[in-house]
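What follows is each chain in one-letter form.
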Amino acid sequence: MRTLGPRDLNRAVLARQLLLERAATGVPRALERVAGIQAQYAPAMYIGLWSRLAGYERGHLTTALERRTVVQGTLQRATIHLVSAQDYWPFALAVREERRRWWLGASRHAHSADDLAATAERLRTHLREHGPVRRKELEALVGRERIHAIGLWLDLVRVPPSGTWERRRADLFAAAEDWLGPPPDDLDAESAVSHVVGRYLGGFGPATVAEIANWAGLRNQTVTTALHGLRLRRFRAEDGSELVDLPRAPLPGPATPAPVRLLPTWDAVLLAHARRAAILPEELRPRIFNTKMPQSVNTFLVDGQVAGTWRVDGSRVAIEAFLPLPAEVRDQLEAEADRMAAFHT
């Protein structure tokens with residue numbers, strides 16, 4: 001069994017996340033390739049796509065949201081994600097029962113599953129008759145004490161104009177069935193989990209079972225069962241862990257050049273599930289994620305690893321490198337920063 005080192009895995013994730021070469025593809029297909037983008041902060045979606053797509057403009061995502069070819073919803077790990085319309089229902093069904101189980105076990109509230117199901121049915125009727133509602137209206141309809149749980153019993157999506165570059169607060173909600181149509185008749189929880197596992201490997205593999213489960217918010221056994229139904233290739237990590245992967249997913253060599261890239265806050269390649277790829281060196285993690293900065297910070301990559309941070313400063317993008325950079329790399333970084341500044345105007 002072939003052993004993959006950190007640099008092999010680094011280049012694999014960068015390639016699959018479209019960070020080795022910007023892809024000439026549309027927004028929905030890009031989201032499917034990278035397994036969705038975290039969307040707690042609306043501009044991060046736009047910036048994440050800008051870093052990954054050739055010829056991409058801000059209006060492309062807003063238009064896709066308006067045309068319902070992509071959608072924002074609370075999905076894996078109970079976190080807002082931007083996914084393609086085709087991926088929404090598999091993602092939602094895959095994590096639905098686990099999210100409900102977690103909430104019922106962790107919640108201190110007295111509301112039972114039956115109570116929440118009945119409230120969800122009343123809300124479903126209201127949304128079908130009256131259309132999307134703002135968060136304050138949603139609270140009035142279901143009660144503030146149920147607001148964080150109701151989306152576990154009725155699939156809700158955040159719809160434009162909210163949650164866009166132009167109107168960043170994502171506080172307009174619709175029932176997913178009304179906005180996108182009902183789930184496909186042939187989609188069940190088992191096939192949904194298999195779909196999600198495949199998406200993860202396509203976007204972040206090769207990976208361990210635990211890494212897939214961590215990202216999806218599923219149990220290891222649930223992921224293991226799903227893997228039985230997939231065609232896989234297997235590798236070994238340097239620590240002896242078994243890595244699984246899709247048969248023909250990109251696996252560039254460790255010497256593959258990695259260009260400078262600017263990443264937004266909460267980019268998924270920096271999160272714990274992708275630690276093995278060493279895109280964020282562990283000694284730098286406290287500088288990017290800590291309790292004083294709950295939104296994390298914008299980062300830039302040099303040779304496939306975080307090398308500093310960036311921020312918008314008026315009409316320019318200011319760069320802060322953690323270590324001195326060669327002049328050639330600094331020139332590339334400044335050129336990318338100039339393009340990012342133009343993207344913000």
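Sequence positions are assigned chain by chain, starting from 1 and proceeding in written order. For this predicted model, a pLDDT threshold of at least 70 governs which residues receive local features, and a threshold of 80 or more governs which side-chain atom pairs are given and counted, while totals over whole chains, interfaces and linings are taken from all residues. Working from all heavy atoms in the structure, the side-chain values ignore hydrogens and water.

## Quick notes on the sheet that holds strand 10 (residues 261–263)
Think of a sheet as strands paired side by side through backbone hydrogen bonds, with each pair either parallel or antiparallel. Taken in spatial order, the 4 strands make up an open sheet running 10-11-12-13, and their pairing is antiparallel. The open sheet has two free edges, formed respectively by strand 10 and strand 13 (316–321), since each of these has just one partner strand. Taking each pair of neighbouring strands and ignoring which way they run, the sheet shows an average axis angle of 35°. Across 6 bridges, the pairing between strand 12 (residues 305–313) and strand 13 is antiparallel. The residue of strand 13 that forms the bridge with Gly308 is Ala321. For two strands to be treated as a pair, DSSP must find no fewer than two bridges joining them. Where helices and strands are cited, they refer to DSSP runs of H or I of at least four residues and of E of at least two residues respectively, numbered from the N terminus. Axis lines are fitted through C-alpha atoms, for helices just across the contact stretch, and the angle between N-to-C directions can take any value from 0 to 180 degrees.

## Observations concerning the sheet that holds strand 8 (residues 233–237)
Spatial ordering of the open sheet is given by 1-8-9, a layout of 3 strands whose pairing is mixed. Bordering the open sheet on either side are strand 1 (3–4) and strand 9 (242–245), each of which pairs with just one other strand. Bridge analysis of strand 1 against strand 8 gives 2 bridges, and the strand direction is parallel. Looking across to strand 8, one finds that Thr3 is bridged to Arg236.

## Some points on the packing of helix 10 (residues 189–204) against helix 12 (residues 220–227)
At a minimum axis distance of 9 Å, the contact between helix 10 and helix 12 shows a crossing angle of 90°. With respect to helix 12, the axis of helix 10 lies roughly perpendicular. Taken together, the residues of helix 12 that come into contact with helix 10 (itself represented by Val193, Ser194, Val197 and Leu201) are Thr222, Val223, Ala226 and Leu227. As a working rule, the residues Ala, Val, Leu, Ile, Met, Phe, Trp, Tyr, Cys and Pro are called nonpolar, Asp, Glu, Lys and Arg charged, and the rest polar, with Gly in that last group. Looking at side-chain class alone, the contact of helix 10 with helix 12 contains 6 nonpolar, 2 polar and no charged residues. Should an angle fall under 35 degrees it is taken as roughly parallel, and over 145 as roughly antiparallel, whereas 65 to 115 is taken as roughly perpendicular and any remaining angle as oblique. Throughout, a contact is declared for two residues whenever any of their heavy atoms are within 4.5 Å.

## Re helix 7 (residues 135–142)
Think of an α-helix as 3.6 residues a turn; residues three or four steps apart then line up on the same face. Of the residues making up helix 7, those classed as buried are Leu138, Glu139 and Val142. Buried residues in helix 7, looked at end-on, bunch into an arc of 100°, giving them a common side. For helix 7, the exposed residues set more than 90 degrees away from the buried face come down to Lys136 and Ala140. Buried-residue contacts for helix 7 involve helix 6 (113–130), strand 5 (133–134), helix 8 (150–153), strand 6 (156–158) and strand 7 (172–175). Directly beyond the C-terminal end of helix 7, a positive phi value near 95° is found at Gly143. The buried label applies to any residue whose accessible area, calculated with a 1.4 Å probe on protein chains only, is under 20% of its type's maximum; exposed applies above 50%, and partly exposed to all values in between. Our arc is simply the arc of the directions from the helix axis toward the C-beta atoms.

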